[in-house]
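Breakdown of the fold
The residues making up each chain are set out below.
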Amino acid sequence: MAGGRWPAGLALGWGCCLLLCCAAASKLEISMPAMVEVEIGGTARIECNFYIPENASYTYIDWFYMDRSNRQVRLYHVTASGVLEDDTDYKGRLSLEEGKALSISSVTVQDARTFMCQVGAGSYGMGESSTELRVYKVPKTPEIETSSGGISVRSNEVPEIAKCLSRNSFPPPNITWHKNGEQLYPGENKVMMQSTLTRESSGLYTVSSVLYAPVTREDRDSRYHCTVHYWLRGRQRTLESQEVKLNIFYSTKHLKMQVVSSSALVKEGDNVTLVCEADGNPPPVFSFFKKNLDEWQDLSSLAEPDSGVLNLHDVNKSSSGTYRCQSLDLDDLSQKEEDVDLVVNYIEGVHVKMEPSSNLREGDDVKLSCDAHSPVALNYQWRDGKGKKVADGNQLVLRNLTFETSKTFSCQVMAPSVPGLEQSKQVFVTVEGKPRIVAISSPLYVRQDEVVNLTCKAIAFPRPTVQWSINGTAHEYMDNQHIASNLTVRVSHDLLQAGAKCRVSNTLGVSEKHIQLVDQKSTAESQGVIIVAIIVAILVVAVLGAVIYFLHKKGKIPCGRAGKQDIARNTSI
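Residue positions are given per chain, counting from 1 as you read along its sequence in written order. Thresholds applied to this predicted model are a pLDDT of at least 70 for local features of residues and 80 or more for the giving and counting of side-chain atom pairs; totals over whole chains, interfaces and linings are not thresholded and use all residues. Only hydrogens and water are removed before side-chain values are computed, so all heavy atoms of the structure are retained for them.

Turning to the sheet that holds strand β8 (residues 94-97), a few remarks are in order. Taking strand neighbours across the sheet as the criterion, the three strands line up as β3-β9-β8 in an open arrangement whose pairing is antiparallel. The open sheet has two edge strands, β3 (44-47) and β8, and neither has a second partner. For this sheet, the mean inter-axis angle between neighbouring strands, taken without regard to orientation, is 20°. Any two strands with at least two DSSP bridges between them are considered paired. Strands here are runs of E lasting at least two residues and helices are runs of H or I lasting at least four, both read from the DSSP assignment and numbered beginning at the N terminus. Here β8 runs beside strand β9 (residues 101-104); their pairing, made up of four bridges, is antiparallel. If you follow Leu96 over to β9, its bridge partner there is Leu102. Fitted lines through C-alpha atoms give the axes, limited to the stretch in contact for helices. The angle between two N-to-C directions lies from 0 to 180 degrees.

A pair of sulfur atoms, both from cysteines and within 2.5 Å, is called a disulfide here. Applying the stated criterion across every chain yields a total of five disulfides. Disulfide pairing is shown between Cys164 and Cys226; the S-S distance is 2.0 Å. Measuring handedness by torsion sign, the sulfur bridge of Cys164 and Cys226 sits at about 70° and is right-handed. Note that Cys164 is positioned in strand β14 (residues 160-169) and Cys226 in strand β19 (residues 223-232), a separation of 62 residues in sequence. Each disulfide of the chain joins two cysteines, and with those cysteines numbered along the sequence the arrangement is 1-2, 3-4, 5-6, 7-8, 9-10.

The next thing to look at is the nonpolar core. Soluble, globular proteins show a tendency: their nonpolar side chains are buried together. Only buried residues count toward a nonpolar core, which is a set of Ala, Val, Leu, Ile, Met, Phe, Trp, Tyr and Cys residues joined through side-chain atoms within 4.5 Å. Burial status follows relative accessibility: with a 1.4 Å probe on protein chains alone, a residue under 20% of its type maximum counts as buried, one over 50% as exposed, and anything between as partly exposed. If you look at the biggest cluster of nonpolar residues, it comprises 31 residues, and the most contacted ones within it are Trp63, Leu75, Leu102, Ile104, Phe115 and Leu133. Only β2 (35-39), β3, β5 (60-66), β6 (72-79), β9, β10 (114-120) and β11 (126-136) provide two or more residues apiece to this core. Whether two residues touch is decided by their heavy atoms; if any such pair falls within 4.5 Å, the residues are in contact. Setting aside residues up to four positions removed in sequence, Leu75 forms contacts with Trp63, Phe64, Tyr65, Leu84, Glu85, Asp86, Thr88, Tyr90, Leu94, Leu102 and Phe115. In terms of nonpolar packing, the next biggest core, distinct from the first, is built from 25 residues, Leu368, Ala372, Cys411 and Val413 among them.

For the rest of this paragraph, the subject is the confidence of the model for the chain. One number per residue, pLDDT, summarises how confident the predictor is, and it ranges from 0 to 100. When pLDDT is averaged across the chain, the result is 86; 90% of the residues are at 70 or more. Scored below 50 in pLDDT, residues 1-24 makes one contact in the model with residues more than four places away or belonging to other chains. This stretch, residues 559-573, has a pLDDT under 50; its non-local contacts, to residues over four places away or in other chains, come to three contacts.

Here Ser152 is to be found in strand β13 (residues 151-152). In contact with Ser152, other than residues within four places in its own chain, are Val215, Phe249 and Asp331.

Rendered as structure tokens:
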């Protein structure tokens, strides 16, 4: 029985399906999109697709929109004989494509409504469908502005943090606030947000939001921004403002003072900067002091204004001591102090002692001793007048003094632990003695009656005098212990015969030397005789050599081994 019913049921089902398909195929069908989105200012295109059985023609197509009272307002009436456009606010912005697609140009906010398409098909009846036109305007990037003047952590009320403004959007967007990337929510930790929505004459919306929240000194590095949320084509989208930091006022917790110098250890002559730093905002007012005995000397007038910097130029021993920086916070009038010790390394009292201190004679010995005072260990070094190092240590012994030893010596005092710290003291070692003539112009070749210069150079101390045995014009030059005298004279016969004497004397003795003058004419004659003798000798040697060579060629002079044998044979006979 059951097996017999299945074929009957299947037949019934297929029959119902065929009836429904035939009914659907014989009915007018209209298809329109449920929604069309277009940006304000753009062009909206709404399609109306329909199907009439047996390819029959429509009798009319009407386009409507729904007004605010939900009434139909016709835009177009299309028939086979033509297109009729009704007189509406859309006139001039509408167009039709074969009656099946409605285009609306320069879309505005007021165009956000429902549009209908109605098709009449005679015996197949009438059908209609609708599309919701949605318009949008993407908001501009939000603008954020922090509270002017700064925010104090000591505020008794929840302060205003920032304002966010989004302009020219449709439909109206939402604004959220974020701190360091995390979203803030009203009511949490006393956070408040106050929003305002304004509809402009253009129909677009301007949305603003003000954020209120408590702050602490840790928020000095926090970053805030706002985000605008809006819908577009069924998806939520966002625009973010730039991040901003707040100017937060808080009092100083830590005060630091330090010495800044070009070297690790400060030495006399350096420039030193004392820097005072505080972690309060705004920066406090700084004052500087130096301790003198039991009182503090105010140095604030020497500091750079509003900088916390005190410059000390060309410091010396008296610059050492304890310095104090004092900060005053204007927000709560609280004060803090910090001290630092400045140590200026120095060398003073450089003294050179000479033993014996005076009356040094040639051949004597002298000892130079150098001493100085400093808070650090010192090294000593001796240099001569040319800067050449001659010895290390604080003593220098000079033995067997001569006039040449007389010169300037310098004791250079250095602090190895403080690079660049050094002082020096000069001493002049003067050796006394009778004059010693070191150079004269002798022999001097001259001609009678010519004018010549006679030179005599000597070294002595005390300063000597120079005397000449003849008359003339004398010029003297002195350089330390050296003296030079030039005498200009005319050569006479007597001067050629006797010469001249240079006499140098001081309180310790006398030295003199003779200058020989040689007549260049006599010298020239003697030199001529010698030259003639040399030439004659050369000629004699040449003639003798020629005679020997001639005799050898004639065989008169035996030469070589054969000659030696003949001589030996003659000897034996």
